[in-house]
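In case you want the letters, here they are:
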Amino acid sequence: MAENMLEIKNLTVEFQTEDEKVKAVKSLNLSIPKGKTVGLVGESGSGKSVTSLAIMGLIPNPPGRISEGEILFNGEDLTKASNERMRELRGNKIAMIFQEPMTSLNPVFTTGNQIDEVLMLHQGMNKEQARKRTIELYEEVGIPSPEESVDKYPHQMSGGQKQRVMIAMAMACEPELLICDEPTTALDVTIQKQVLELMFDLQRRHNMSMLFITHDLAVIADIADEVAVMFRGDLVEQNTTKALFENPKHPYTKGLLACRPSLDENPVRLLTVDDFLNAKEDIDVSALEMKKPREINETDNPVLLEVKNFNKHFPIKGGIFGRTVDWFKAVDDVTLQVRKGRTLGLVGESGCGKTTLGRTILRLLEPTAGEVIYDGVNVTNLNKTQMREMRERMQIIFQDPYSSLNPRMTIGDIVTEPMVIHGIGGTKKERYAVAADLLEKVGLKGDHLNRYPHEFSGGQRQRICIARALSLKPEFIICDESVSALDVSVQAQVLNLLQDLQDELGLTYIFISHDLSVVKYISDEIGVMNKGKIVEYGPAHEVYRNPQDEYTKKLLSAIPRGVPKELL
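Asker: With reference to specific residues and values, describe the overall build of the protein.
Answerer: When you go through the protein residue by residue, the secondary structure sums to 21 helices and 20 strands. Here the protein has a C-alpha radius of gyration of 25 Å; the compact-globule value for 568 residues is 24 Å, and the two agree. With the C-alpha coordinates of the protein rotated into their principal frame, the extents come out at 75 × 65 × 50 Å. Within the protein, the proportion of its 568 residues that are buried is 51%. Taking the intrachain contacts of the protein between residues at least 6 apart in sequence as the baseline, contacts between residues at least 24 apart amount to 68%. Entry remark: accessible area of the protein is about 26300 Å², with carbon and sulfur atoms responsible for 48%. Here the protein contributes 67 positive and 81 negative side-chain charges, whose respective centroids are spaced 3 Å apart.

Take a look at the structure:
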């Protein structure tokens, strides 16, 4: 048998649009050796997921098709296999873990049922045998209380547990090849670390081959033996993980490695992929000016926002009459300060209360107890009219640029809507002129005003959200996970933009994120949240250099270092 488990030769996948044929993958050559992990890296639109769907025979036709090339699995060409043969292989010899566990699991069946089905279909087990094996699989992937968990529905499990169910389902038939498509992107760092360790352990134990797809090179460094880098459908570089990290050749690979914020030190401005692609000569990252902690000046940086003994509780209903039986403390006695022209980073895992805190400060949610003092004014006591006036000075940029823009409104109407509500600008023409200036300021073109949100990429949409937040000339902005949905290079561009705007307009930020390296890069001070409480608070560099709380230490130890094990 061949040394390689999978060989892709000259693979081209194209999609027919109304106007033209788009080649999503162009003449790709890639091999995955037996028992090894190959990392496939690239940003959105590079062709990574299309490659994985081609291997699985899941390219939707129409509009897509494999126009040329071979995909050899143990010497058998999958591009010529019948639907029946592919059904035998899929989930059996070749398994796949998808990016979003919430949409990959059927909400109307228990999670155990969905794994039983795989075992009964591919392994010919009866119900009792399948259920016994499912409980064993739950135990192997570390799901707590396996006997009870098999009877849970997807909505009763956390994101990390759902992803473990997907891993258990993929491992059910002990596949020879496992394809992982961004399996940790939606997870917190601690859960991500557990899932990566689990997959690494399973791969070693079962000696299977693995294709690991991600846009995050830091994750790849921890898990892959070889790395292949894709850019706009082309494979631009392939090497062992050690060699690629030590000496990347292609400008795109260099850009991907350089644009992610580091936990150690960072340039004043983050580099982007475009900087490397457009550079006339090599960029020496070590020669760039590095970012230093900013001094606090009592005159220039007085306390602008003060949060005192702040609480937000949600009722837990129970009983046949739906009475309140208890309270869930989403924000529990939080006290913090933010200085003018500075950035406070709020960091913590999903469900720790950071987003609830941000929204309650702006009174998008009403607080249960405590005070918010903004520039000497107690915001918690303001009536609706006064609060609306205050919102001119306080704005928010939401996490998801896809759902926070109305798809039926033009960009011009979206950016000028806050001005209309607050009666700013005389005529529509004047407001559109302001909107055009704002778009230019955030790196878009003024003539984009008549376009709709679907015509823009994720990074461009987030810029539109920033322009909308700036339309009222606020002093204070809460950025709620505002770069977490973006590719690393686009993330670097948006972080640079937020810094430029702060320097130019004197803005004050609360920057909420679960990504500690991003928070360290942009913040002057950091608050670490866990279970509704701030467990650690201080200057950014101090919190990272010398964490005091056990939870902070756990978070920091879970961050992928982005350095292959051989180079540590």
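Asker: Outline the sheet that holds strand S2 (residues 21-33), listing residues and values.
Answerer: For sheets, the rule is that strands pair by backbone hydrogen bonds, running either parallel or antiparallel. The antiparallel open sheet is built from four strands, whose spatial order is S2-S1-S4-S5. Edge positions in the sheet fall to S2 and strand S5 (76-77), since each has one partner strand and no second. Of the pairings in the sheet, the one linking strand S1 (residues 4-16) to strand S4 (residues 64-73) comprises eight bridges and is antiparallel in character. When the bridges of S4 are listed, Ile8 appears paired with Ile71. Of the strands in this sheet, S1, S2 and S4 are in contact with helix H1 (residues 48-56), which crosses S1 at around 110 degrees.

Asker: Explain the pairing of strand S8 (residues 209-214) residue by residue, including any values.
Answerer: Look at any regular strand and the pattern is simple: side chains alternate between the two faces of the sheet. Within S8, six of the six residues are buried, which leaves the element mostly enclosed by the surrounding structure. Relative to S8, strand S3 (residues 37-41) runs parallel, the two sharing five bridges. Across the sheet, the residue bridging to Val41 is Thr214, located in S8. Across five bridges, the pairing between strand S7 (residues 177-181) and S8 is parallel. Residue Leu178 lies in a different strand from S8, and its bridge partner there is Met210.

Asker: Run through the pattern of salt bridges, naming residues and quoting values.
Answerer: All told, the structure shown has 31 salt bridges when counted by the stated rule. Of the charged contacts in the structure, one is a salt bridge between Arg133 and Glu136, with a shortest N-O distance of 3.3 Å. One end of the pair is Arg133 and the other is Glu136, both in helix H5 (residues 127-140) and three residues apart, which spans about a single turn. For Glu136, a relative accessible area of 38% gives the class partly exposed. Glu481 is the salt-bridge partner of Lys354, the closest N and O atoms lying 3.7 Å from each other. Of this pair, Lys354 sits in helix H13 (residues 354-361) while Glu481 sits in the loop between strand S17 (476-480) and helix H18 (488-505); the two residues are 127 residues apart in sequence, bridging distant segments of the chain. Note on Glu481: relative accessible area 6%, which makes it buried. Salt bridges sharing common partners tie together Lys132, Arg133, Glu136 and Glu174.

Asker: Break down the side chain of Ser517 for me, citing the residues and quoting the values.
Answerer: Mapped onto the secondary structure, Ser517 falls in helix H19 (residues 516-522). Given a relative accessible area of 2%, Ser517 falls into the buried group. In terms of polar contacts, Ser517 uses its side chain to reach the side chain of Arg260, at 3.4 Å. What Ser517 contacts, discounting residues up to four positions off in sequence, is Arg260, Pro261, Leu263 and Tyr544.

Asker: So, the environment of Ile526: which residues are in play, and what are the values?
Answerer: Note that Ile526 resides in strand S19 (residues 525-530). Residues Ile526 and Thr111, spaced 415 residues apart in sequence, show a C-alpha to C-alpha distance of 38 Å. With residues up to four places along the chain from it excluded, the contact list for Ile526 reads Leu344, Gly345, Val347, Val519, Lys520, Glu536, Tyr537, Gly538, Ala540, Val543 and Tyr544.

Asker: With reference to specific residues and values, describe the sheet that holds S3.
Answerer: Strand order across the open sheet formed by six strands is S6-S7-S8-S3-S9-S10, with mixed pairing between neighbours. Every interior strand has two partners, whereas the edge strands, strand S6 (94-97) and strand S10 (234-240), have only one. Strand-to-strand, the axes of this sheet are offset by a mean angle of 15 degrees, without reference to chain direction. The sheet strands contacting helix H8 (residues 189-206) are S3, S6, S7 and S8, and the helix crosses S8 at an angle near 160 degrees.

Asker: Describe in detail a nonpolar patch on the surface, supporting the description with residues and values.
Answerer: On the surface, Ile316, Val325 and Phe328 cluster together into a nonpolar patch covering about 270 Å² of accessible area. With respect to the element layout, Ile316 can be found in strand S11 (residues 303-318). Among the residues examined, Ile316 registers a relative accessible area of 35% and is labelled partly exposed.

Asker: Before we move on, could you go through the packing of helix H4 (residues 111-123) against H5 and cite the residues and values that matter?
Answerer: Contact geometry for H4 and H5: axes closest at 9 Å, N-to-C directions at 120 degrees. Between H4 and H5, the angle is such that the two are oblique. For H4 against H5, the interelement crossing comes out right-handed. Seen from H4, the contacting residues are Thr111, Gly112, Asn113, Ile115, Asp116, Leu119 and Met120; seen from H5, they are Lys127, Ala130, Arg131, Arg133, Thr134, Leu137 and Tyr138. In terms of residue class, the contact of H4 with H5 is made up of six nonpolar, four polar and four charged.

Reading the values: rules and limits
- Residues numbered from 1 in each chain as written.
- Predicted model: local features only at pLDDT ≥ 70, side-chain atom pairs only at ≥ 80, totals over all residues.
- Heavy atoms only, no water.
- Helix = DSSP H or I, 4+ residues; strand = E, 2+ residues; numbered from the N terminus.
- Rg over C-alpha atoms; globule rule 2.2 N^0.38 Å.
- Buried < 20%, exposed > 50% of the residue type's maximum accessible area, 1.4 Å probe, protein only.
- Contact = heavy atoms within 4.5 Å.
- Areas by Shrake-Rupley, 256 points an atom, 1.4 Å probe, with all protein chains shown as cover.
- Lys, Arg positive; Asp, Glu negative; His and termini not counted.
- Charge placed at Lys NZ, Arg CZ, Asp CG, Glu CD.
- Pairing = 2+ DSSP bridges.
- Axes fitted to C-alpha atoms, helices over the stretch in contact; angles between N-to-C directions.
- Salt bridge = Lys/Arg side-chain N within 4 Å of Asp/Glu carboxyl O.
- Polar contact = N/O pair within 3.5 Å; in protein donor to acceptor, adjacent residues only side chain to side chain.
- Patch = residues over 30% accessible without salt bridge, like charges linked within 9 Å, V, L, I, M, F, W, Y side chains within 5 Å.
- Parallel < 35°, antiparallel > 145°, perpendicular 65-115°, else oblique.
- Left-handed = near helix turned anticlockwise from the far one by under 90°.
- Nonpolar A, V, L, I, M, F, W, Y, C, P; charged D, E, K, R; others polar.

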